[in-house]
Amino acid sequence: MPDVSSLRAALLDWYDAHARSLPWRAPPGSGMRTDPYRVWLSEVMLQQTTVPHAAPYFERFTARWPTVSNLAAVEDSDLMAAWAGLGYYARARNLLACARAVASEHGGVFPDNEAALLALPGVGAYTAAAVAAIAFDRPANVVDGNVERVMSRLFAVETPLPAARPELKRLAALFVSDERPGDWPQALMDLGSGVCRPKSPSCELCPLAFGCEGLKTGEPARYPLKTKKAERPHRHGHAFVLRDAAGRIGLVRRPDKGLLGGMLGLPTSDWSATPVFHAPVVADWSEAGAVEHVFTHFSLTLTVHVGAGEGDFVWTSADEALASLPTVFRKALERGLAG
C-alpha cells in the first residue's frame, strides 16, 4: 500500500505552489478561514457543473446577497430566476431552505461541525464535510468525483463504480488528519481537476506519481472502472412561444415538484415517446424547428411552435425571458424568435 504520510506531504507541498485562485477560497497555508456562507454556496453551485461555469453565478449571488441572511430573505421566484442556467433546480430550492434555516434557527451563523451542518435542510454528507473542513478547518472526509478518481488510481481499485464508492471513501479517510484539514480536500480537488483528469491524466506532473499503483500498471486512465450505464432514453415534446400584441412572451410557472420545479418556462406538451400536441391557447401556430437538450436521465427533442394571442400567462419581455429561463426553454425561445 502507498505510504500515506509521504503522499499527503507531497500533495500539500504541490498545493502550496499550484493552488487555483478561486473567489471562495483562502490562500493555501494562510491559516485564514473562509466565510462559511461562501464555501457552502460554492459547493452547492459546483455540484454537477464546472468552476468556469459556476464562478460568474457565484460572483453575482454574493454581490446581490452578501450574507446568508440576505439570501434567506429573497423571494423564491427571484432566486429561481438567478439560478437559471445552473441546472438541477432542486438545488436552488434546497439552497433557499437551508439559508432560511440558518437565518431563523442559527442566528444567521452556520454551525461549525459536520453533524450540525448535516442536519440543515438540503445539506448532504459531502457538503457538510466540505464546509466543516474548508470553512472551519475541521478534519472531515470530503469525497467528490475528483477524490474518487484520485483514490481509485492511487490504489488501483479494481471494483467498478458505483459499487466501489464505500471502498474509495474508506481509502480517502486514511488521509484525513488534524494537519491542515481545510487545505487537504482542496488539494485533492485541484489535483483531480487539473492533473489527474478523467481521460488524459498528466502523470508526469503529478506529485503522487511516486506512489501511484495505477501508474505502475501502465494504464492509469483505466481507473476508475465503471459499470456500463443503461442507454439514456429519448423523449419528444412540443414547446409554445406565444407573443401578445406588445411582443411579450407568455410563460407559465411549473409545479413545485418534478423536473424544473417552481421555475418559469414556456408552455409545453407532455414529454414522452409520443407527446400529445396540446396548445395552450387557440392560435395560428406555425412550426419554427426543433431543439435538443440532455437531462441527467433522458434526452429531449422539443418541436417549437410560434403563435400570437392572449391569456392567463406570466407575460415577460423577450430579453428578460432569455436571461432568466432554464437552458432548455431558452433554447426553445431562441429558436422561436429566430423562426
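Fair warning: this is a prediction, and the values are worked out from it, not measured in the lab.

Q: Before we move on, could you go through the overall build of the protein and cite the residues and values that matter?
A: A count of helical and extended segments in the protein gives 14 helices and 6 strands. Taking the principal axes of the C-alpha coordinates as reference, the protein spans close to 70 × 50 × 30 Å. Within the protein, counting contacts between residues at least 6 apart in sequence, those at least 24 apart form 67% of the total. Total accessible area computed for the protein in this model is approximately 16,100 Å², and 53% of it derives from carbon and sulfur atoms. Averaging the coordinates of the 34 positive side-chain charges in the protein and doing the same for the 36 negative ones gives two points 3 Å apart.

Q: Describe the UniProt feature "domain: HhH-GPD" (unreviewed entry) in the protein, with residues and values.
A: Listed under "domain: HhH-GPD" (unreviewed entry) in the UniProt record, and renumbered for this structure, are residues 45-194. Helix makes up 62% of residues 45-194 and strand 0%, and the two end C-alpha atoms of the span are 19 Å apart.

Q: Lay out helix α14 (residues 327-338) in plain terms, naming residues and giving numbers.
A: Spanning 12 residues, α14 covers 16 Å between terminal C-alpha atoms, matching the ideal 16 Å at 1.5 Å per step. Buried within α14 we find Val328, Phe329, Ala332, Leu333 and Gly336. Projected onto a plane normal to the axis of α14, the buried residues spread over an arc of 130° and lie on a single side. Looking at the buried side of α14, the elements it contacts are β1 (234-243), β2 (249-253), β3 (264-265), β4 (286-294), β5 (299-308) and α13 (318-324).

Q: So what's going on with the state of the cysteines? Which residues, and what values?
A: This structure, assessed with the given rule, holds 0 disulfides. This cysteine, Cys196, is not joined by any disulfide, and Cys206 carries the nearest cysteine sulfur, 6.1 Å off.

Q: Can you lay out a positive patch on the surface for me, pointing to particular residues and giving the numbers?
A: Taken together, the side chains of Lys199, Lys226, Lys229 and Arg232 make up a positively charged region of the molecular surface. Its place among the elements puts Arg232 in the loop between α12 (213-216) and β1.

Q: Give a detailed account of the packing of aromatic side chains, specifying residues and quantitative values.
A: If you walk through the whole model with that rule in mind, you get 13 aromatic pairs. Measuring from ring centre to ring centre gives 5.2 Å for Phe240 and Trp285, while their planes differ by 65°; the resulting arrangement is edge-to-face. Placement of Phe240 in strand β1 and of Trp285 in the loop between β3 and β4 is noted, with a sequence separation of 45 residues between them. As far as burial versus exposure is concerned, Phe240 and Trp285 are alike and both buried.

Q: How would you sum up the side chain of Arg149? Please name residues and give values.
A: Here Arg149 lies in helix α9 (residues 145-154). Buried and unpaired, Arg149 has Asp144 as its nearest opposite-charge partner, separated by 7.3 Å. Filtering out sequence-adjacent residues up to four positions away, Arg149 remains in contact with Gly192, Ser193, Cys196, Arg197, Pro198, Tyr223 and Pro224.

Q: So what's going on with the nonpolar core? Which residues, and what values?
A: If you look at the biggest cluster of nonpolar residues, it comprises 71 residues, and the most contacted ones within it are Trp40, Phe61, Leu71, Leu79 and Phe110. Here this core gets 9 residues from one element, more than from any other, and that element is helix α8 (residues 125-136). Other than its neighbours up to four places away in sequence, Leu71 contacts Tyr37, Trp40, Phe61, Trp65, Leu79, Leu95, Leu96 and Ala99. Leu11, Leu161, Ala164 and Phe175 belong to the second largest nonpolar core, which has 29 residues in total.

Q: Explain the side chain of Asp144 residue by residue, including any values.
A: Mapping Asp144 onto the fold places it in the loop between α8 and α9. Polar side-chain contacts of Asp144 include one of 3.1 Å to the backbone nitrogen of Asn146. In this structure, Asp144 is in contact with Tyr126 and Met189, ignoring residues within four places of it in sequence.

Q: So what about the pairing of β5? Which residues, and what values?
A: Across the 10 residues that make up β5, a large majority, 9, are buried. Relative to β5, β1 is paired through 10 bridges, and the arrangement is parallel. The residue bridging Gly237 from the neighbouring strand is Leu302, located in β5. Here β4 pairs with β5 via 7 bridges, running antiparallel. Its bridge partner lying in β5, Val291 is registered against Leu302. The hairpin formed by β4 and β5 contains 4 residues between the paired strands.

Q: Give a detailed account of the packing of helix α1 (residues 4-18) against helix α11 (residues 183-194), specifying residues and quantitative values.
A: At their nearest, the axes of α1 and α11 sit 9 Å apart, and the two run at 75° to each other. Considered as vectors, α1 and α11 are oriented roughly perpendicular to each other. In contact with Arg8, Leu11, Leu12, Trp14 and Tyr15 of α1, α11 contributes Asp183, Trp184, Gln186, Ala187, Leu188, Asp190 and Leu191. Looking at the contact of α1 with α11 residue by residue, the class counts come to 8 nonpolar, 1 polar and 3 charged.

Q: Which residues make up α11, and what values go with them?
A: Given a rise of 1.5 Å per residue, 12 residues ought to cover 16 Å, and the 16 Å separating the end C-alpha atoms of α11 matches this to within 8%. For α11, every residue scored as buried is listed here: Asp183, Trp184, Pro185, Gln186, Ala187, Leu188, Met189, Asp190, Leu191 and Gly192. Tucked into the core, α11 has its buried residues touching α1, α2 (36-46), α8 and α9.

Q: Describe unusual backbone geometry, naming the residues involved and giving the relevant values.
A: The amide bond that connects Leu161 to the next residue, Pro162, takes the cis arrangement and shows omega of 10°. For the bond from Tyr223 to Pro224, the omega torsion is -5°, close enough to zero to count as cis. Relative to the elements of secondary structure, Pro224 occurs in the loop between α12 and β1. You will see that Leu260, though not glycine, has its phi angle at about 55°, which is positive. Its relative accessible area of 6% is what places Leu260 among the buried residues.

About the thresholds
- Residues numbered from 1 in each chain as written.
- Predicted model: local features only at pLDDT ≥ 70, side-chain atom pairs only at ≥ 80, totals over all residues.
- Heavy atoms only, no water.
- Helix = DSSP H or I, 4+ residues; strand = E, 2+ residues; numbered from the N terminus.
- Contact = heavy atoms within 4.5 Å.
- Areas by Shrake-Rupley, 256 points an atom, 1.4 Å probe, with all protein chains shown as cover.
- Lys, Arg positive; Asp, Glu negative; His and termini not counted.
- Charge placed at Lys NZ, Arg CZ, Asp CG, Glu CD.
- UniProt positions renumbered as here; feature names shortened; annotations may be inferred.
- Expected span 1.5 Å × (residues − 1).
- Buried < 20%, exposed > 50% of the residue type's maximum accessible area, 1.4 Å probe, protein only.
- Arc of directions from axis to C-beta.
- Disulfide = S-S within 2.5 Å.
- Patch = residues over 30% accessible without salt bridge, like charges linked within 9 Å, V, L, I, M, F, W, Y side chains within 5 Å.
- Salt bridge = Lys/Arg side-chain N within 4 Å of Asp/Glu carboxyl O.
- Phe/Tyr/Trp six-rings, centres within 6.5 Å; stacked < 30°, edge-to-face > 60°.
- Core = buried A, V, L, I, M, F, W, Y, C linked by side-chain atoms within 4.5 Å.
- Polar contact = N/O pair within 3.5 Å; in protein donor to acceptor, adjacent residues only side chain to side chain.
- Pairing = 2+ DSSP bridges.
- Axes fitted to C-alpha atoms, helices over the stretch in contact; angles between N-to-C directions.
- Parallel < 35°, antiparallel > 145°, perpendicular 65-115°, else oblique.
- Nonpolar A, V, L, I, M, F, W, Y, C, P; charged D, E, K, R; others polar.

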